[in-house]
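Given next are the chains, with one letter for each unit.
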Amino acid sequence: MRTETAPIVRLEDYRPSDFLIDTVELDVKLHPTETRVTATLTMSPNPSGRSGAPLILEGDELNLKSVSLDGRVLSDEEFEASPHSLTIAQAPQQAFTLTIETEVNPTANTKLMGLYRSSGNYCTQCEAEGFRRITYFLDRPDVLSVYTTRIEADRDEAPVLLGNGNLVESGSLDDSSRHYAVWHDPHPKPSYLFALVGGSLGRVAKTFTTMRGREVELAIYVEPGKEDRADYALDALERSMRWDERVFGREYDLDVFNIVAVSDFNMGAMENKGLNIFNDKYVLASPETATDMDYTHIEAIIAHEYFHNWSGNRVTCRDWFQLCLKEGLTVFRDQEFSSDERSRPVHRIAEVKTLRARQFLEDSSPLAHPVRPNQYREINNFYTATVYEKGAEIVRMLKTIIGEEDFRRGMDLYFERCDGTAATVEDFLTAFAEVTGRDLSHFARWYEQSGTPRVAVKSHYDEAAQTYRLDFKQSTSPTPGQAKKDPMAIPVTLGLVSHDGSPMSATCDRVDERGVFLFDKAADSITFTGVTSLPVPSLFRGFSAPVKVSLDLPNEELLVLLRHDTDAFNRWQSAQTVAMRLLASLSVDGSAKGEEIEAYAAALCSFIDQDAEDDPAFAALVMTLPSEADIAQEISQDVNPDAIHRARTELRQRLGTACSRRLQRIYDAFTDSGPYSPDAVSAGRRSLRNACLDLLAAADSRAGEALASAQLESATNMTDRLASLSVLTTLPGQAREDAIAQFGERYRNEPLVIDKWFTLQAAIPEDGTLERVKRLMEHPAFSISNPNRVRSLIGSFAMLNQVQFNRADGAGYQFLASIVLRADELNPQLAARLLTAFSTWRMMENTRRKHAEEALRSIAQKPNLSRDVGDIVSRSLE
Ligand code: 0A1
Ligand code: ZN
């Protein structure tokens, strides 16, 4: 469909469905190219719908075989059908049964939506609108039905047959090599949570006993031979289930919980009821193939999908505008889980880094939208950092404002009241308003207003009066469709620190007992009394709100916080702020700022000396400079990525040189001993050591090359191996090329490791990289139809390689445009996601901006763009 003709769906147009579907019986006869689906739907007019309305079911590329109403086959005159809809104008006005037969071709399904094949296995993806690619349906989340699924297949081709809910029957067909299984899910659910799997799969399993003593069989299905790589995911699942019982009082509700890993998947994973389907990248892990980061992601995504069982499945969304209701809340829940399982401050810093890199970027781009958008052309394009990550920040702010106990009471009320329903953001907020007696209407603006608020803070100390005043101002820049902005309700968690580092006991009646000041006007001031010396303010502790802050504090004062703040997040933040100031000014005017750099390096050296070993994971974060993309965002206009790259390289080098003795000492002291363990403490030690390696190599490339090569040789796990290879990729020469070649050879049969290898090479900030990427597209492991491969090679080039994607000659942009067009013919979702790499184009300097615009226009001009790509390209150009 051409972009211009894709209709806009608007929140204000929501109305309940005219019909309901109480039960769904699906009979699916799996076949590689001619899968037969018979859907028997018991339906009735919806009392809240329009009476006498026609019945219009959605389809997408469907091939209809027959339709029957109450057992009678309908003639062609009694309905109207096309691949994308089935209409019965004279639908019954009382309960009826509709039986629809369709045929689908899973092998030809390269969009990976609906029923498709991945490495020969059958699987489904129905969120958001994939069910309509299996059968005609009221494919909307507020139509909840009880499903029974009968799956039939060749036993040899698909010995394992899985569906939602519990297995009720299975067996062989008398006269053939075929067998079947019947699954029943007693919990009413929307069609987007439907799933089935058929294939040849290995299995790991264990029994879990719930808080009320129910026995649940937990199982993970993977490619045969890779079972042992699923052990960590299975353990993470068990820990997630226990945590949700303990922290949210949520118990699992079926006899089985199955997870299947597939190698072709558009996203991370999917929370289908009782049958989660995962991108195998987020299930499979062994020390030889996965990094510490992979283990962390696996744990988080396993938890995320499991937590959806309550936040998303038991309570689902009324319509897709409410997507953040399940996603923001579930991200919040998985973040809390990871924080409890690991180090809370370290995890918080990682969350904020991601939020800034992805969501702040989106919020300042042409693709900015509210956490609850009020219109869309293609819902697939709204699975965004804004809906997910900013959505989670809103839940966190709510908790900060009302406190832990009321938050839990509100969650309990929400789950209890909305269980079995399709809810809205209003339902969610009402639960908290009720338990606290607060008016949350101002707070609700966070869901409606897009853009990242900027908060400017000025401080005034009156020595004579011993008072300290903080003046706050907030503003938000215009975003698409929202020219004027209102003030937001911003929780500021804060404290005062004295110059010698001790916390100050000054008081302010605007700050509650948890240290929270609610800043909800365009400008406001608060005054502390009993302030006996000039304090350093520690603001937005724990990153208490998703805002950009500008502070009038000099670098020396910020560096006091690095040493002394009790809030670990702000210790890290203060060092980052200083580094960012230096990097931005080095990038913009190249000015040396010698003394400031020295002061920063000295502070970091003494931090390394005194604190690094106490919390290695935290230290590694402090020692890592803001990324080139972060710096570009900070500069935000007339960006020259080459200048940014030079500035960051220079600061890394100065830092590495200033601290080299200490870095070497830690590098030597933190050698890994004993068998690999992915736990947070061991991972923290590795991250500190590898951060040291990176700075040592920046200071002295020869010594760095020797260290990195030695580490690559002796590494006993993928984290250390990849970190050393990554350092080597920054040092041009034969050693690098040999190391790259050897690594590629060693892991040529491990697609998930080859992905890392693609990523490292795509990120090399040198002129030859584009040619290298093109060459790698010819590598036998690369496939334009596999999303993981495409994202690792091409996505990484576009998103991670600032200098080469944004080449001044425009070749990077042209390349991406050509790949987007190619990918669009196979998999529009994948193509549209790649295309979002252009979202920074307007902040580039003039020459690059022109090239980027040309590339975007070349895409926009193409006939027959998918709705996904058409939507992103037109919004990018608006
Ligand atoms: N609900 C899933 C994300 C998801 C969305 C769309 C998909 O279609 C390709 C797949 C997965 C989650 O939040 O994990
Ligand atoms: Zn989710």
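Thresholds, definitions, all that
In this convention, every chain numbers its residues from 1, walking through the sequence in written order. Both sets of labels track the order of writing: A upward for chains, 1 upward for ligands. Given that the model is predicted, a residue must reach a pLDDT of at least 70 before its local features are reported, and side-chain atom pairs must reach 80 or more before they are shown or counted; all residues, however, enter totals for whole chains, interfaces and linings. Core membership is restricted to buried Ala, Val, Leu, Ile, Met, Phe, Trp, Tyr and Cys residues, and these are joined into a nonpolar core through C-beta atoms within 7 Å. Residues with at least 20 other C-beta atoms within 10 Å of their own are called buried, those with 12 or fewer are called exposed, and the rest are partly exposed. The C-beta atoms themselves are positioned from the backbone. Secondary structure elements follow DSSP: runs of H or I of four or more residues count as helices, runs of E of two or more count as strands, with numbering from the N terminus. Working definition of a contact: two residues with C-beta atoms, positioned from the backbone, lying within 7 Å. Here, any two strands with at least 2 DSSP bridges between them count as paired. For each residue, a C-beta atom is placed from the backbone, and the residue counts as near a molecule or strand when that atom lies within 6 Å of it. Amino acid classes used here: Ala, Val, Leu, Ile, Met, Phe, Trp, Tyr, Cys and Pro are nonpolar; Asp, Glu, Lys and Arg are charged; the rest, including Gly, are polar. UniProt positions are given in the numbering used here, feature names are shortened, and annotations may be inferred rather than shown by experiment.

Novice: In this structure, what is going on with the nonpolar core? I would like to understand it.
Specialist: What tends to happen in soluble globular proteins is that the nonpolar side chains get buried as a cluster. Grouped together as the largest cluster of nonpolar side chains are 260 residues, with contacts concentrated most on Val 260, Val 283 and Leu 834. Top element by residues in this core is helix 16 (residues 680-699). It accounts for 11 residues. Non-local contacts of Val 260, meaning those with residues more than four positions away in its chain, are made with Cys 123, Leu 162, Val 197, Leu 201, Tyr 221, Ile 277 and Phe 278.

Novice: Just to check I follow, could you spell out the pairing of strand 21 (residues 275-279) for this structure?
Specialist: Residues in a regular strand point their side chains to alternate faces of the sheet. Taking burial as the measure, the 5 residues of strand 21 include 5 buried ones, the bulk of the element. With 5 bridges connecting them, strand 19 (residues 256-262) and strand 21 associate as parallel partners. Across the sheet, the residue bridging to Val 262 is Asn 279, located in strand 21. Connecting strand 20 (residues 269-270) to the next strand, strand 21, in antiparallel fashion are 4 residues, including Gly 274 with a positive phi near 70°.

Novice: Looking at this model, I keep getting lost on the site of ligand 1. Mind explaining?
Specialist: Around ligand 1 lies a shell formed by Gln 125, Glu 127, Asn 266, Met 267, Gly 268, Ala 269, Met 270, Glu 271, His 304, Glu 305, Glu 327 and Tyr 383. Every element with two or more residues in the shell around ligand 1 is listed here: strand 20 and helix 2 (292-307). Its residues assigned to classes, the shell around ligand 1 shows 4 nonpolar, 4 polar and 4 charged.

Novice: Even after reading the chapter, I still don't get the environment of Gly 59, so can you show me in this structure?
Specialist: Among the secondary structure elements, Gly 59 is positioned in the loop between strand 4 (55-58) and strand 5 (63-69). In this structure the C-alpha to C-alpha distance between Gly 59 and Pro 787, which are 728 residues apart in sequence, comes to 25 Å. Apart from residues no more than four positions distant in its own chain, Gly 59 is found in contact with Pro 83, His 84, Ser 85, Leu 86, Arg 132 and Tyr 136.

Novice: Would you mind going over the UniProt feature "domain: Aminopeptidase N-like N-terminal" (unreviewed entry) in the chain with me for this structure?
Specialist: Under the feature "domain: Aminopeptidase N-like N-terminal" (unreviewed entry), the UniProt entry names residues 25-193. A distance of 15 Å separates the end C-alpha atoms of residues 25-193, which is 0% helix and 52% strand.

Novice: Would you mind showing me how to read unusual backbone geometry here?
Specialist: Phi is mostly negative for residues that are not glycine, and the peptide bonds are mostly trans. The omega torsion of the bond from Glu 127 to Ala 128 falls at 0°, within 30 degrees of zero and hence cis. Within the secondary structure, Ala 128 sits in the loop between strand 11 (121-125) and strand 12 (145-154). Positive phi values are uncommon outside glycine, yet Phe 540 reaches one of about 55°. Relative to the assigned elements, Phe 540 resides in the loop between strand 31 (535-538) and strand 32 (548-551). With a phi close to 50°, Asp 638 is a non-glycine residue in the positive phi region. By the secondary structure assignment, Asp 638 is in the loop between helix 13 (628-635) and helix 14 (641-658). With 12 C-beta atoms counted inside 10 Å, the residue Asp 638 sits in the exposed group.

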